[in-house]
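# Summary of structural features
Read off the chains here:
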Amino acid sequence: MFQTTIIREAPTEGVGLHTGVFGHIRLVPAPADTGIVFRRTDLDNFPIEAQGHNVAKVSYATSLMKQGVLLSTTEHLLAAIYSCGIDNIYIDIDSIEVPILDGSAEPFMKMLEQTGVRKLRRKRRYLKVLKPLEVAEADPGKTGQFRRIGIYPADEFRVRCYVDFPHPLVGQQEVEMVVSPATFRHLLARARTFCFERDIAPLREMGLIRGGSLENAIVLTSDSVMNGPLRFPDEFGRHKALDLIGDLALAGLPLLARVEAHKAGHSLHTQLVSRLLADPTLWTITTDETPHAEQTMASAALSPVPAAD
Ligand SMILES: [Zn+2]
(Lines give C-alpha, C1' and ligand atoms only; values in the text may rest on other atoms or scores of the structure.)
Protein backbone atom coordinates (compact mmCIF):
# COMPACT_ATOMS: atom_id res chain seq x y z
CA MET A 1 0.00 0.00 0.00
CA PHE A 2 1.35 3.41 -1.01
CA GLN A 3 0.88 6.84 0.52
CA THR A 4 -1.73 9.07 -1.05
CA THR A 5 -2.56 12.73 -1.61
CA ILE A 6 -5.31 14.54 -3.48
CA ILE A 7 -5.07 15.19 -7.22
CA ARG A 8 -6.39 18.76 -7.43
CA GLU A 9 -7.35 21.60 -5.11
CA ALA A 10 -10.86 22.25 -3.77
CA PRO A 11 -12.26 25.25 -1.87
CA THR A 12 -15.10 25.85 0.55
CA GLU A 13 -16.14 28.61 2.94
CA GLY A 14 -18.44 29.24 5.84
CA VAL A 15 -18.91 30.27 9.43
CA GLY A 16 -17.23 28.58 12.41
CA LEU A 17 -19.65 26.92 14.86
CA HIS A 18 -18.11 28.27 18.06
CA THR A 19 -16.39 31.54 17.07
CA GLY A 20 -18.92 32.62 14.43
CA VAL A 21 -15.92 33.76 12.34
CA PHE A 22 -16.31 33.36 8.58
CA GLY A 23 -13.42 31.56 6.89
CA HIS A 24 -12.23 30.07 3.62
CA ILE A 25 -10.63 26.66 3.21
CA ARG A 26 -8.66 25.18 0.34
CA LEU A 27 -7.53 21.55 0.20
CA VAL A 28 -4.12 21.34 -1.52
CA PRO A 29 -2.03 18.29 -2.62
CA ALA A 30 1.08 17.59 -0.50
CA PRO A 31 4.21 15.45 -1.03
CA ALA A 32 4.90 12.10 0.67
CA ASP A 33 5.61 12.15 4.43
CA THR A 34 3.94 15.57 4.88
CA GLY A 35 0.98 14.20 6.84
CA ILE A 36 -2.16 16.28 7.36
CA VAL A 37 -1.11 19.90 7.89
CA PHE A 38 -3.25 23.01 8.39
CA ARG A 39 -1.72 26.26 7.11
CA ARG A 40 -3.03 29.57 8.43
CA THR A 41 -2.92 31.65 5.24
CA ASP A 42 -3.79 34.76 7.28
CA LEU A 43 -0.54 34.21 9.25
CA ASP A 44 2.07 33.70 6.49
CA ASN A 45 1.02 30.06 5.98
CA PHE A 46 1.91 29.16 9.57
CA PRO A 47 1.73 25.33 9.68
CA ILE A 48 -0.14 23.39 12.36
CA GLU A 49 0.28 19.63 12.00
CA ALA A 50 -2.81 17.52 12.77
CA GLN A 51 -0.96 15.57 15.45
CA GLY A 52 -1.51 14.75 19.10
CA HIS A 53 1.24 17.04 20.38
CA ASN A 54 -0.61 20.05 18.95
CA VAL A 55 -3.90 19.35 20.75
CA ALA A 56 -5.01 22.37 22.77
CA LYS A 57 -7.79 22.71 25.28
CA VAL A 58 -10.65 20.46 24.29
CA SER A 59 -14.25 20.83 25.38
CA TYR A 60 -17.13 21.04 22.93
CA ALA A 61 -14.83 20.78 19.92
CA THR A 62 -11.23 19.76 19.28
CA SER A 63 -8.74 22.61 18.91
CA LEU A 64 -5.13 22.54 17.85
CA MET A 65 -2.58 25.07 19.03
CA LYS A 66 1.05 25.57 18.08
CA GLN A 67 3.20 28.43 19.35
CA GLY A 68 0.07 30.28 20.41
CA VAL A 69 -1.68 29.91 17.03
CA LEU A 70 -5.08 28.31 17.45
CA LEU A 71 -7.28 26.34 15.09
CA SER A 72 -10.66 25.12 16.27
CA THR A 73 -13.19 22.43 15.40
CA THR A 74 -10.95 20.24 13.30
CA GLU A 75 -12.83 16.97 13.85
CA HIS A 76 -15.34 16.76 10.99
CA LEU A 77 -12.88 17.65 8.25
CA LEU A 78 -10.22 15.36 9.72
CA ALA A 79 -12.74 12.49 9.97
CA ALA A 80 -13.41 12.74 6.22
CA ILE A 81 -9.72 13.00 5.24
CA TYR A 82 -8.62 10.19 7.58
CA SER A 83 -11.43 7.81 6.59
CA CYS A 84 -10.65 8.39 2.91
CA GLY A 85 -7.09 7.17 3.48
CA ILE A 86 -5.46 10.48 2.50
CA ASP A 87 -2.02 10.51 4.08
CA ASN A 88 -0.72 13.86 2.85
CA ILE A 89 -2.66 17.09 2.42
CA TYR A 90 -2.43 20.80 3.17
CA ILE A 91 -5.55 22.46 4.51
CA ASP A 92 -5.16 26.17 3.82
CA ILE A 93 -7.42 28.26 6.05
CA ASP A 94 -7.66 32.00 6.67
CA SER A 95 -9.48 31.93 10.02
CA ILE A 96 -9.36 30.49 13.51
CA GLU A 97 -12.03 27.82 13.00
CA VAL A 98 -12.91 25.23 10.35
CA PRO A 99 -16.32 26.12 8.82
CA ILE A 100 -19.14 24.01 10.26
CA LEU A 101 -21.10 23.94 6.94
CA ASP A 102 -24.15 21.70 7.55
CA GLY A 103 -22.77 20.21 10.81
CA SER A 104 -21.78 16.90 9.19
CA ALA A 105 -18.79 15.63 7.21
CA GLU A 106 -20.78 15.24 3.99
CA PRO A 107 -19.69 18.58 2.43
CA PHE A 108 -16.04 17.60 3.07
CA MET A 109 -16.62 14.19 1.48
CA LYS A 110 -18.02 15.97 -1.59
CA MET A 111 -14.89 18.13 -1.74
CA LEU A 112 -12.73 14.99 -1.61
CA GLU A 113 -14.76 13.50 -4.45
CA GLN A 114 -13.87 16.64 -6.46
CA THR A 115 -10.17 16.48 -5.58
CA GLY A 116 -9.72 12.77 -6.26
CA VAL A 117 -7.02 10.70 -4.59
CA ARG A 118 -3.73 9.53 -6.07
CA LYS A 119 -0.92 7.25 -4.96
CA LEU A 120 2.58 8.55 -4.24
CA ARG A 121 5.79 6.54 -4.69
CA ARG A 122 6.37 6.03 -1.00
CA LYS A 123 5.12 3.17 1.19
CA ARG A 124 2.35 4.01 3.63
CA ARG A 125 3.36 3.90 7.29
CA TYR A 126 0.84 2.56 9.81
CA LEU A 127 0.73 3.02 13.55
CA LYS A 128 0.10 -0.55 14.73
CA VAL A 129 -1.06 -0.89 18.32
CA LEU A 130 0.69 -3.73 20.22
CA LYS A 131 -0.77 -3.41 23.73
CA PRO A 132 -4.11 -2.14 25.04
CA LEU A 133 -4.52 1.31 26.56
CA GLU A 134 -7.62 2.52 28.40
CA VAL A 135 -8.60 5.93 29.75
CA ALA A 136 -11.63 6.55 31.97
CA GLU A 137 -13.18 9.39 33.92
CA ALA A 138 -16.15 9.65 36.26
CA ASP A 139 -19.46 10.40 34.56
CA PRO A 140 -20.47 13.72 36.16
CA GLY A 141 -24.17 12.95 35.75
CA LYS A 142 -24.15 9.48 37.31
CA THR A 143 -22.47 8.49 40.57
CA GLY A 144 -20.28 5.41 40.27
CA GLN A 145 -20.46 5.33 36.46
CA PHE A 146 -17.62 6.02 34.07
CA ARG A 147 -17.01 7.34 30.60
CA ARG A 148 -14.20 5.40 29.00
CA ILE A 149 -12.26 4.73 25.86
CA GLY A 150 -9.81 1.98 24.96
CA ILE A 151 -7.53 1.07 22.08
CA TYR A 152 -6.57 -2.56 21.38
CA PRO A 153 -4.42 -4.50 18.90
CA ALA A 154 -6.11 -5.35 15.59
CA ASP A 155 -5.10 -5.93 11.97
CA GLU A 156 -7.53 -3.29 10.68
CA PHE A 157 -8.93 0.06 11.81
CA ARG A 158 -12.18 -0.61 13.61
CA VAL A 159 -14.27 1.61 15.91
CA ARG A 160 -17.15 0.97 18.29
CA CYS A 161 -18.96 3.92 19.79
CA TYR A 162 -21.67 3.79 22.45
CA VAL A 163 -23.73 6.78 23.59
CA ASP A 164 -26.49 7.10 26.17
CA PHE A 165 -28.43 10.35 26.49
CA PRO A 166 -31.64 10.43 28.55
CA HIS A 167 -33.86 11.70 25.73
CA PRO A 168 -36.76 9.94 23.95
CA LEU A 169 -35.09 10.34 20.54
CA VAL A 170 -31.61 9.31 21.65
CA GLY A 171 -31.26 6.86 24.54
CA GLN A 172 -28.68 4.14 23.97
CA GLN A 173 -27.13 4.02 20.51
CA GLU A 174 -24.17 1.98 19.31
CA VAL A 175 -22.21 2.07 16.07
CA GLU A 176 -19.51 -0.45 15.13
CA MET A 177 -17.60 -0.58 11.86
CA VAL A 178 -14.35 -1.15 10.05
CA VAL A 179 -13.35 2.34 8.88
CA SER A 180 -13.00 2.67 5.10
CA PRO A 181 -13.97 5.37 2.60
CA ALA A 182 -17.13 3.40 1.75
CA THR A 183 -18.29 2.69 5.31
CA PHE A 184 -17.59 6.26 6.40
CA ARG A 185 -19.44 7.76 3.44
CA HIS A 186 -22.51 5.58 3.83
CA LEU A 187 -22.76 5.13 7.59
CA LEU A 188 -21.36 8.29 9.21
CA ALA A 189 -20.58 11.22 6.89
CA ARG A 190 -24.13 12.63 6.80
CA ALA A 191 -24.68 12.54 10.59
CA ARG A 192 -24.86 16.08 12.00
CA THR A 193 -23.74 17.83 15.14
CA PHE A 194 -26.42 18.16 17.79
CA CYS A 195 -27.10 20.07 20.97
CA PHE A 196 -29.81 20.31 23.59
CA GLU A 197 -32.00 23.44 23.62
CA ARG A 198 -31.46 23.79 27.38
CA ASP A 199 -27.67 24.06 26.80
CA ILE A 200 -27.87 26.87 24.23
CA ALA A 201 -28.00 29.81 26.66
CA PRO A 202 -25.20 28.46 28.93
CA LEU A 203 -22.99 27.71 25.90
CA ARG A 204 -23.57 31.22 24.51
CA GLU A 205 -22.62 32.67 27.90
CA MET A 206 -19.37 30.68 27.69
CA GLY A 207 -18.69 32.39 24.35
CA LEU A 208 -19.41 29.20 22.38
CA ILE A 209 -21.75 28.34 19.47
CA ARG A 210 -21.71 31.95 18.18
CA GLY A 211 -22.04 30.54 14.65
CA GLY A 212 -24.62 27.91 15.64
CA SER A 213 -27.98 27.85 13.83
CA LEU A 214 -30.76 25.49 12.89
CA GLU A 215 -28.93 25.05 9.55
CA ASN A 216 -25.80 23.54 11.10
CA ALA A 217 -26.88 21.62 14.21
CA ILE A 218 -29.78 19.43 15.28
CA VAL A 219 -31.41 21.04 18.31
CA LEU A 220 -33.12 18.67 20.73
CA THR A 221 -36.00 20.01 22.80
CA SER A 222 -37.06 18.20 26.00
CA ASP A 223 -38.96 15.52 24.07
CA SER A 224 -38.43 16.13 20.36
CA VAL A 225 -36.23 17.80 17.77
CA MET A 226 -36.62 21.44 16.72
CA ASN A 227 -35.38 21.08 13.13
CA GLY A 228 -36.21 17.60 11.88
CA PRO A 229 -36.35 15.30 10.12
CA LEU A 230 -33.32 13.36 11.30
CA ARG A 231 -31.11 11.87 8.60
CA PHE A 232 -30.90 8.58 10.55
CA PRO A 233 -32.92 7.43 13.58
CA ASP A 234 -29.57 7.03 15.37
CA GLU A 235 -27.95 10.14 13.88
CA PHE A 236 -26.56 11.10 17.33
CA GLY A 237 -24.60 7.87 17.85
CA ARG A 238 -23.35 8.06 14.28
CA HIS A 239 -22.17 11.65 14.75
CA LYS A 240 -20.26 10.67 17.90
CA ALA A 241 -18.48 7.93 15.91
CA LEU A 242 -17.64 10.55 13.25
CA ASP A 243 -16.18 12.82 15.96
CA LEU A 244 -14.18 9.88 17.35
CA ILE A 245 -12.58 9.12 13.97
CA GLY A 246 -11.77 12.82 13.47
CA ASP A 247 -9.97 12.90 16.81
CA LEU A 248 -8.15 9.61 16.15
CA ALA A 249 -6.72 11.24 13.00
CA LEU A 250 -4.46 13.12 15.43
CA ALA A 251 -2.47 9.88 15.82
CA GLY A 252 -0.75 11.28 12.71
CA LEU A 253 -0.66 7.95 10.84
CA PRO A 254 -3.31 5.44 9.78
CA LEU A 255 -4.11 3.15 12.72
CA LEU A 256 -4.10 -0.62 12.82
CA ALA A 257 -6.17 -0.89 16.00
CA ARG A 258 -9.63 -1.34 17.43
CA VAL A 259 -11.04 1.58 19.41
CA GLU A 260 -14.00 1.32 21.78
CA ALA A 261 -15.60 4.49 23.14
CA HIS A 262 -18.23 4.34 25.89
CA LYS A 263 -19.97 7.69 26.46
CA ALA A 264 -16.69 9.39 25.59
CA GLY A 265 -16.17 12.80 24.00
CA HIS A 266 -13.43 14.98 22.55
CA SER A 267 -11.57 15.18 25.87
CA LEU A 268 -11.27 11.39 26.30
CA HIS A 269 -10.60 10.84 22.59
CA THR A 270 -7.65 13.24 22.59
CA GLN A 271 -6.34 12.01 25.97
CA LEU A 272 -6.22 8.52 24.48
CA VAL A 273 -4.26 9.73 21.46
CA SER A 274 -1.82 11.77 23.57
CA ARG A 275 -1.15 8.92 26.02
CA LEU A 276 -0.76 6.43 23.19
CA LEU A 277 1.78 8.59 21.37
CA ALA A 278 3.63 9.30 24.64
CA ASP A 279 4.34 5.59 25.25
CA PRO A 280 6.25 4.01 22.32
CA THR A 281 6.12 0.58 24.00
CA LEU A 282 2.40 0.42 23.09
CA TRP A 283 2.86 0.55 19.30
CA THR A 284 5.16 0.18 16.36
CA ILE A 285 5.35 1.90 12.99
CA THR A 286 5.17 -0.51 10.11
CA THR A 287 4.86 -0.45 6.34
CA ASP A 288 3.73 -4.07 6.41
CA GLU A 289 0.22 -4.77 5.37
CA THR A 290 -1.08 -7.87 6.98
CA PRO A 291 -2.92 -10.19 4.61
CA HIS A 292 -5.92 -9.74 6.86
CA ALA A 293 -6.01 -5.95 6.47
CA GLU A 294 -5.64 -6.25 2.72
CA GLN A 295 -8.49 -8.71 2.56
CA THR A 296 -10.74 -6.50 4.68
CA MET A 297 -10.10 -3.46 2.49
CA ALA A 298 -10.86 -5.46 -0.64
CA SER A 299 -14.05 -6.98 0.73
CA ALA A 300 -15.23 -3.58 2.04
CA ALA A 301 -14.73 -2.09 -1.42
CA LEU A 302 -16.58 -4.92 -3.14
CA SER A 303 -19.44 -5.50 -0.75
CA PRO A 304 -22.78 -3.82 -1.51
CA VAL A 305 -23.42 -0.46 0.10
CA PRO A 306 -25.25 -0.88 3.42
CA ALA A 307 -28.65 0.75 3.33
CA ALA A 308 -28.97 3.97 5.31
CA ASP A 309 -31.85 3.22 7.62
ZN1 LIG B 1 -19.00 16.77 15.83
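Since the model is a prediction, treat every value here as computed from it, not as a measurement.

## Re the overall build of the protein chain
- Helix and strand counts for the protein chain come out as 7 helices and 18 strands.
- At 18 Å, the protein chain has a C-alpha radius of gyration in line with the 19 Å of a compact globule built from 309 residues.
- By principal-axis analysis of the C-alpha atoms, the protein chain measures approximately 55 × 45 × 40 Å.
- Across the protein chain, the fraction of contacts at a sequence separation of at least 24, relative to all contacts at a separation of at least 6, is 73%.
- For the protein chain, the computed accessible surface area is about 13,800 Å², with 53% contributed by carbon and sulfur atoms.

## Focus: the sheet that holds strand β2 (residues 10–15)
- Spatial strand order, β2-β3-β8-β4-β5: 5 strands in an open sheet with mixed pairing. For this open sheet the edge positions go to β2 and β5 (46–49), each flanked by a neighbour on one side alone. The sheet shows a mean angle of 25 degrees between the axes of neighbouring strands, direction not considered.
- Relative to strand β8 (residues 89–93), strand β4 (residues 36–40) runs parallel, the two sharing 5 bridges. For Arg-39, the partnering residue across the bridge sits in β8 and is Asp-92.

## Concerning the environment of Ala-251
- Note on placement: Ala-251 falls in the loop between α5 (235–248) and β17 (255–262).
- Among the residues examined, Ala-251 registers a relative accessible area of 9% and is labelled buried.
- In this structure, the C-alpha to C-alpha distance between Ala-251 and Arg-204, residues 47 residues apart in sequence, is 31 Å.
- In contact with Ala-251, not counting residues within four places along its chain, are Tyr-82, Leu-127, Val-273 and Leu-277.

## Considering the packing of aromatic side chains
- With the rule as written, the count across this model stands at 4 aromatic pairs.
- Judged by centre distance (5.7 Å) and plane angle (70 degrees), the ring pair of Tyr-82 and Phe-157 falls under edge-to-face. In this pair, Tyr-82 is assigned in helix α1 (residues 75–83) and Phe-157 in strand β13 (residues 157–165), connecting sequence segments 75 residues apart. The pair Tyr-82 / Phe-157 is uniform in exposure class, with both members buried.
- A centroid spacing of 5.7 Å and a plane angle of 85 degrees characterise the contact between Phe-165 and Phe-194, whose relative ring orientation is edge-to-face. Here Phe-165, found in strand β13, pairs with Phe-194, found in strand β15 (residues 194–196); they are 29 residues apart in sequence, far enough to count as distant.

## Considerations on the confidence of the model for the protein chain
- Taken over all residues, the pLDDT of the protein chain has a mean of 93, while the share at 70 or more is 94%.
- Segment residues 293–309: pLDDT under 50, and 16 contacts once partners within four positions in sequence are set aside and those in other chains are kept.

## Focus on the nonpolar core
- Judged by nonpolar contacts, the single largest core of 65 residues is most densely connected at Phe-38, Phe-184, Leu-248 and Leu-255.
- Take this core: its biggest share by element is 6 residues, from α1.
- Core analysis: the next-biggest nonpolar cluster, separate from the first, contains 7 residues, Phe-194, Phe-196, Val-225 and Phe-236 among them.

## A word on the side chain of Asp-247
- Counting through the fold element by element, Asp-247 comes out in helix α5.
- Put simply, Asp-247 is tucked away with no salt bridge, and the nearest opposite charge, on Lys-240, sits 8.6 Å away.
- At a separation of 2.7 Å, a polar atom in the side chain of Asp-247 contacts the side chain of His-266.
- Within the structure, the side chain of Asp-247 is placed 2.8 Å from the side chain of His-269, a separation counted as a polar contact.
- Beyond its immediate chain neighbours, meaning those up to four positions away, Asp-247 contacts Thr-62, Glu-75, His-266, His-269, Thr-270 and Val-273.

Parameters and conventions
- Within each chain, residues carry numbers counting from 1 in the order of the written sequence.
- Whole-chain, interface and lining totals are the exception, using all residues; otherwise, since this is a predicted model, local features are given only for residues with pLDDT of at least 70 and side-chain atom pairs are given and counted only at 80 or more.
- With hydrogens and water set aside, each side-chain value is computed from the structure's full complement of heavy atoms.
- Helix and strand assignments come from DSSP, with helices taken as H or I runs of at least 4 residues and strands as E runs of at least 2, each series counted from the N terminus.
- Radius of gyration: over C-alpha atoms. The globule rule applied is 2.2 Å multiplied by the number of residues raised to the 0.38 power.
- Two residues qualify as a contact provided that any one of their heavy atoms is within 4.5 Å of a heavy atom in the partner residue.
- Areas reported as accessible are Shrake-Rupley estimates using a 1.4 Å probe. Residue values count occlusion only from the protein chains shown.
- We call two strands paired when DSSP finds no fewer than two bridges between them.
- An axis is simply a line fitted to the C-alpha atoms; with a helix, the fit covers only the stretch in contact. Between two such axes, the angle follows the N-to-C directions and lies from 0 to 180 degrees.
- In this scheme, a residue with accessible area under 20% of its type's maximum is buried, one over 50% is exposed, and one in between is partly exposed, where area comes from a 1.4 Å probe on protein chains only.
- What counts as a ring pair is set by centres within 6.5 Å for rings of Phe, Tyr and Trp (its six-membered ring), and what kind of pair is set by the plane angle: stacked under 30 degrees, edge-to-face over 60, tilted for all other angles.
- Per-residue confidence from the prediction method is given by pLDDT, with values spanning 0 to 100.
- Here, nonpolar core means buried Ala, Val, Leu, Ile, Met, Phe, Trp, Tyr and Cys residues that are tied together by side-chain atoms lying within 4.5 Å of each other.
- Counted as positive: Lys and Arg. Counted as negative: Asp and Glu. His and the chain ends are not counted at all.
- By definition here, a salt bridge exists when the distance from a side-chain nitrogen of Lys or Arg to a carboxyl oxygen of Asp or Glu is within 4 Å.
- Any pair of nitrogen or oxygen atoms within 3.5 Å is treated as a polar contact; in protein, a donor-acceptor pairing is required on top of that, and neighbouring residues in sequence qualify only through side-chain atoms on both sides.

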